[in-house]
Amino acid sequence: MAFQVQASFAPSSSLCSPPSPLRLPKRSIICFIGDHRPSRLSRCVIGGDKRRVKTVSVEKGISLKVKSSLDTAGPVVGQVTEVTKDTFWPLVKAAGDKTVVLDMYTQWCGPCKVMAPKYQELSEKYLDVVFLKLDCNKENKPLAKELGIRVVPTFKILKDSKIVKEVTGAKLDDLVVAIESFTSS
């Protein structure tokens, strides 16, 4: 999944001078070394290719602000995209008027494991459909409940951010019929 990142350095006190402005090539790679707390960020490696890499040490008194937005990312067609409770709705909204198919599964489910490669094949066949999958684990349980899951695997078909069809169980033929009924309309 791709998303845009905006990074800027800012002094946290008037005693510190900020690092020189960063001029990044159009396609830059930014690697932050540390953890999610700005005070624990040790350095930042920035580069567009192997020839232009810049390492910036983050000194005490300098804070790093990073902004990212899943709203800027679009769903990827031709493959299955793993989603979470935080990424699901932004990707569904970004799909616009495309049909979205969500595979709700668990790691321990035998029929889910049987359906996974078949679901991948469907994503490669129906290039006008967005295929997502949600592991209904503890972290994603609120979204699974919101979507009304009762059994795994469950496949939800969405159109214009609304659930329009549900296929429960490892029923490939039923899933194909459901997908085709919403892609031909």
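The name given to the protein in an unreviewed UniProt entry is Thioredoxin domain-containing protein, with Nyssa sinensis as the source organism. Per UniProt, the protein carries the Sequence similarities (unreviewed entry) text "Belongs to the thioredoxin family. Plant F-type subfamily."

## Some points on the pattern of salt bridges
If you walk through the whole model with that rule in mind, you get 4 salt bridges. A cluster of three or more residues bridged by salt bridges with shared partners is formed by Arg150, Lys156 and Glu166.

## Some details on helix H4 (residues 172–183)
Every α-helix winds through 3.6 residues per turn, so residues three or four apart in the chain are directed the same way. The terminal C-alpha atoms of H4 lie 16 Å apart, and with 12 residues this matches the ideal 16 Å at 1.5 Å per residue to within 8%. Close packing links the buried residues of H4 with strand E7 (99–105), helix H2 (110–125), strand E8 (129–135), strand E9 (154–159) and strand E10 (162–168).

## Let's talk about the state of the cysteines
Put plainly, a disulfide is one covalent bond tying together the sulfur atoms of two cysteines. Applying the stated criterion to the full structure yields 1 disulfide. For the unlinked cysteine Cys136, the closest cysteine sulfur is that of Cys112, found at 8.3 Å.

## Focus: the packing of aromatic side chains
All told, the structure shown has 3 aromatic pairs when counted by the stated rule. With a centroid separation of 5.2 Å and an interplanar angle of 80 degrees, the aromatic rings of Tyr119 and Phe131 are classed as edge-to-face. Taken together, the residues Tyr119 in helix H2 and Phe131 in strand E8 connect sequence positions 12 residues apart. For the pair Tyr119 and Phe131, a shared accessibility class is recorded, and that class is buried. With centroids separated by 5.7 Å and ring planes inclined at 40 degrees, the aromatic side chains of Tyr119 and Phe155 adopt a geometry described as tilted. Of the two residues, Tyr119 is situated in helix H2 and Phe155 in strand E9; the sequence distance between them amounts to 36 residues.

## Some words on the side chain of Thr154
With respect to the helices and strands, Thr154 occurs in strand E9. Exposure remark for Thr154: the relative accessible area of 1% places this residue in the buried category. Within the structure, Thr154 has its side chain in polar contact with the backbone oxygen of Val151 (distance 2.3 Å). Excluding residues within four positions of it along the chain, Thr154 makes contact with Leu102, Asp103, Met104, Ile149, Glu166, Val167 and Thr168.

## Some thoughts on the sheet that holds E8
Taken together, the 5 strands give an open sheet; going across it, the order is E6-E8-E7-E9-E10, and neighbouring strands pair in mixed fashion. Each edge of the open sheet carries a strand with a single partner, namely strand E6 (80–83) and E10. Averaged over all pairs of adjacent strands, the angle between their axes in this sheet comes to 25 degrees, without regard to strand direction. Pairing between E9 and E10: 6 bridges, direction antiparallel. Opposite Lys159, over in E10, you have Lys162 as the bridge partner. Contacts from H4 reach E7, E8, E9 and E10 within the one sheet, and its direction differs from that of E10 by about 160 degrees.

## Quick word on the environment of Lys133
Looking at where Lys133 falls in the secondary structure, it is placed in strand E8. Using a relative accessible area of 25% as the deciding quantity, one classes Lys133 as partly exposed. The sequence separation of Lys133 and Lys156 amounts to 23 residues, and the corresponding C-alpha distance is 10.0 Å. Other than its neighbours up to four places away in sequence, Lys133 contacts Val80, Thr81, Glu82, Val83, Leu102, Asp103 and Tyr105.

## Focus on the side chain of Lys156
Here Lys156 is to be found in strand E9. Classification of Lys156 by relative accessible area gives buried; the value is 4%. Polar side-chain contacts of Lys156 include one of 2.7 Å to the backbone oxygen of Leu147. Each residue touching Lys156, except ones within four places of it in the same chain, is listed here: Val100, Val101, Leu102, Met104, Leu147, Gly148, Ile163, Lys165 and Glu166.

Conventions we followed
- Residues numbered from 1 in each chain as written.
- Predicted model: local features only at pLDDT ≥ 70, side-chain atom pairs only at ≥ 80, totals over all residues.
- Heavy atoms only, no water.
- UniProt positions renumbered as here; feature names shortened; annotations may be inferred.
- Salt bridge = Lys/Arg side-chain N within 4 Å of Asp/Glu carboxyl O.
- Helix = DSSP H or I, 4+ residues; strand = E, 2+ residues; numbered from the N terminus.
- Expected span 1.5 Å × (residues − 1).
- Contact = heavy atoms within 4.5 Å.
- Disulfide = S-S within 2.5 Å.
- Phe/Tyr/Trp six-rings, centres within 6.5 Å; stacked < 30°, edge-to-face > 60°.
- Buried < 20%, exposed > 50% of the residue type's maximum accessible area, 1.4 Å probe, protein only.
- Polar contact = N/O pair within 3.5 Å; in protein donor to acceptor, adjacent residues only side chain to side chain.
- Pairing = 2+ DSSP bridges.
- Axes fitted to C-alpha atoms, helices over the stretch in contact; angles between N-to-C directions.

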